Amino acid sequence: MKKTLAAFLLALTLLTGGAAAFSDVDGGLYYAAPIAWAVERGITTGTSEDTFSPDALCSQGQILTFLWRAAGSPEADEEILPPSLTPDAVSPSFRKAVAWAYQAGILGGSAWRVDSAAPCGRGMAMSFLWRYAGSPEASAPCVFTDVAPAADYAQAVAWAVESGITSGTSETTFSPDEPCTRGQIATFLYRCLNETVEKVPLPVDPVPQAPADPEPEEKAQPIRTYTGTGTARSLGLDGSEFTSTGEYEADVTVDVYTPYEAVFTVKTPFPLYQACAYTVRFEDPDSPGKGYHFTCLRQDEAFSDILPWVGEPFQFRFSDMSGEQADYAAALQEEGRTDGVLSWRVVFTNGPGNFTYGLLEGLQLSCQVDSNQTSASK
């Protein structure tokens, strides 16, 4: 009995010692043992010598890299990637892992929408683990109200909950699109690879990543940047030098990160509550009017009582002005809004016939900022 207890205490010390080495990993929290386990087996490393960043979002490239290392870091042809991706669109730090995951069938139905730099959602994480485990069947279907039976991650979620890898975010919801943190992903891996070894055995001798090559946490750099100028008109609400009758200069920048994702930034000389309509134009210099127009309409409480407003308080669209296609499917996230600078991250659906930022080559960038909602459509 004493020997058994001593062995247990020794194992516990070895398991939690790695987590204790990280100043930002509380040994009493749920992810402490999983992080120590993952680091000990070379599945992941810290973000610095003494930090793990357990609350930082985990990217799709990072979780695929963790699985690749858990599989023993097998060789993979880095040129064979999902059809929607080119080698230049994937960070070199993740390229081999993404290629391996695609060639091993781990990406499955999500291959067309994988983005190594984007956060990994709960549904996608379960899909990756489920396919890595050999796509086992769950004994009962998924019953969460926010997981459609036809969703490509529905079986994975049902299996993961039944296997104790994760649970719902409430009794009735799973929140499949909620991004995962590094601490959560380490925990999911621990529960999947460590506690279900009969389904997903660990490699006998996993190959750890070299200490000089930790998971990159630095800010992603754009693969291409477009710049331009335009005009801006103010509501003239605060009695400053920017009057409602004056025309001022605005600057626009579009930083492209992948063929389907870019950050639009518009800068005006006056505070943003002085305007409501923002248009970014990509036009053919030889055929003015032809090209693509991005329009964002944003109602501000500062002018809600004096400016007539039609429709939703926040609206956006991306249109093809050549007549080939009216609008493209895109998702928009407001990145920042300070002083006279407004930024949006615009992500297009990765699929046949949709827009890619490669179509901007050779087009001229300009912008228009206005205090009139209807002017944005002109």
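Going by the structure above, here's the rest.
Residue numbers restart at each chain and count upward from 1, following the sequence in its written direction. Under the rules for a predicted model, residues below a pLDDT of 70 receive no local features and side-chain atom pairs below 80 are neither given nor counted, while totals for whole chains, interfaces and linings still include all residues. Computation of side-chain values covers all heavy atoms of the structure but excludes hydrogens and water.

> If you had to explain the nonpolar core to someone new, which residues and values would you point to?
By size, the foremost hydrophobic cluster in this structure holds 51 residues, and its most contacted members are Leu64, Met126, Phe128, Leu129, Ile185 and Leu189. Those elements that place two or more of their residues in this core are helix H2 (32-40), helix H3 (60-70), helix H4 (92-103), helix H5 (122-132), helix H6 (154-162) and helix H7 (182-194). The biggest single contributor to this core is H5, with seven residues. Within the second largest apolar cluster, 34 residues are counted, among which are Val254, Cys296, Leu332 and Val346. In plain words, nonpolar cores are sets of buried Ala, Val, Leu, Ile, Met, Phe, Trp, Tyr and Cys residues tied together by side-chain atoms within 4.5 Å. Only protein chains enter the accessibility calculation, which uses a 1.4 Å probe; a residue whose area is less than 20% of its type maximum is buried, one above 50% is exposed, and one in between is partly exposed. Think of it this way: any DSSP run of H or I at least four residues long counts as a helix, any run of E at least two long counts as a strand, and we number them from the N terminus.

> Requested: an account of the pairing of strand E1 (residues 224-233), with residues and values cited.
Direction of pairing for E1 relative to strand E2 (residues 247-258): antiparallel, over a ladder of 10 bridges. Considered in E2, the bridge of Arg224 is made with Val256. In terms of strand pairing, E1 meets strand E9 (residues 364-370) through four bridges, oriented parallel. Of the residues in E9, the one forming a bridge with Thr231 is Gln368. The pairing criterion is simple: DSSP has to find at least two bridges between the two strands.

> Got a sec to walk through the packing of H3 against H7? Specific residues and values, please.
The angle between two axes is taken between their N-to-C directions and runs from 0 to 180 degrees, where each axis is a line fitted to C-alpha atoms and a helix contributes only its stretch in contact. Look at H3 against H7: their axes get within 11 Å of each other, and the N-to-C directions meet at 30 degrees. On the basis of their axis angle, the class for H3 and H7 is roughly parallel. As for the relative orientation of H3 and H7, their crossing is right-handed in sense. Contacts between H3 and H7 pair Gln62, Ile63, Phe66, Leu67 and Ala70 from the former with Arg182, Ile185, Leu189 and Leu193 from the latter. Should an angle fall under 35 degrees it is called roughly parallel, over 145 degrees roughly antiparallel, and 65 to 115 degrees roughly perpendicular, with every other angle called oblique. Two helices crossing with the near one rotated counterclockwise from the far one by less than a right angle form a left-handed crossing, whereas a clockwise rotation gives a right-handed crossing. Two residues form a contact once any of their heavy atoms are found within 4.5 Å.

> Break down the side chain of Asp370 for me, with residues and values.
Within the secondary structure, Asp370 sits in strand E9. Under this rule, positive means Lys or Arg and negative means Asp or Glu; His and the chain ends count for nothing. Any Lys or Arg side-chain nitrogen found within 4 Å of a carboxyl oxygen on Asp or Glu counts as a salt bridge. There is no salt bridge for the buried Asp370, and the closest opposite charge comes from Arg233, which lies 4.6 Å off by N-O distance. Polar contact criterion, stated in full: a pair of N or O atoms within 3.5 Å, where within protein one must be able to donate a hydrogen and the other to accept it, and residues adjacent in sequence count only if both atoms are side-chain atoms. At 3.4 Å, the side chain of Asp370 and the side chain of Gln368 are in polar contact.

> Tell me about the packing of H5 against H6, and please be specific about residues and values.
A pair of packed helices is captured by two measures, namely the crossing angle of their axes and the spacing between those axes. Here H5 crosses H6 at 80 degrees, and the two axes come no closer than 8 Å. By the angle class used here, H5 and H6 are roughly perpendicular. On H6, the residues touching Met126, Ser127, Leu129 and Trp130 of H5 are Gln155, Ala156, Val157, Trp159 and Ala160. Residue composition of the contact of H5 with H6, grouped by class: seven nonpolar, two polar and no charged. Residue classes follow a fixed rule: Ala, Val, Leu, Ile, Met, Phe, Trp, Tyr, Cys and Pro count as nonpolar, while Asp, Glu, Lys and Arg count as charged, and any other residue, Gly among them, counts as polar.

> Describe the packing of aromatic side chains, listing the residues and the values that go with them.
Each aromatic ring pair is specified by the distance between its two centres and by the angle formed by the two planes. Two aromatic rings, drawn from Phe, Tyr or Trp (for Trp, its six-membered ring), form a pair once their centres lie within 6.5 Å of each other, and the interplanar angle then sorts them: stacked below 30 degrees, edge-to-face above 60, tilted otherwise. Counted by the stated rule, this structure contains 19 aromatic pairs. Residues Trp100 and Tyr132 carry aromatic rings whose centres are separated by 6.3 Å and whose planes lie at 65 degrees to one another, so their mutual orientation is edge-to-face. A residue pair is termed long-range when its members are at least 10 positions apart, and Trp100 in helix H4 and Tyr132 in helix H5 qualify at 32 residues. Take Trp100: its relative accessible area is 10%, and that puts it in the buried class. Ring geometry for Tyr278 against Trp344: centres 5.9 Å apart, planes inclined by 65 degrees, an arrangement best described as edge-to-face. On the criterion of sequence distance, the pair formed by Tyr278 in strand E4 (residues 277-284) and Trp344 in strand E8 (residues 341-348) is long-range, its members being 66 residues apart.

Note that all results are geometric; they support no functional claim without further evidence.
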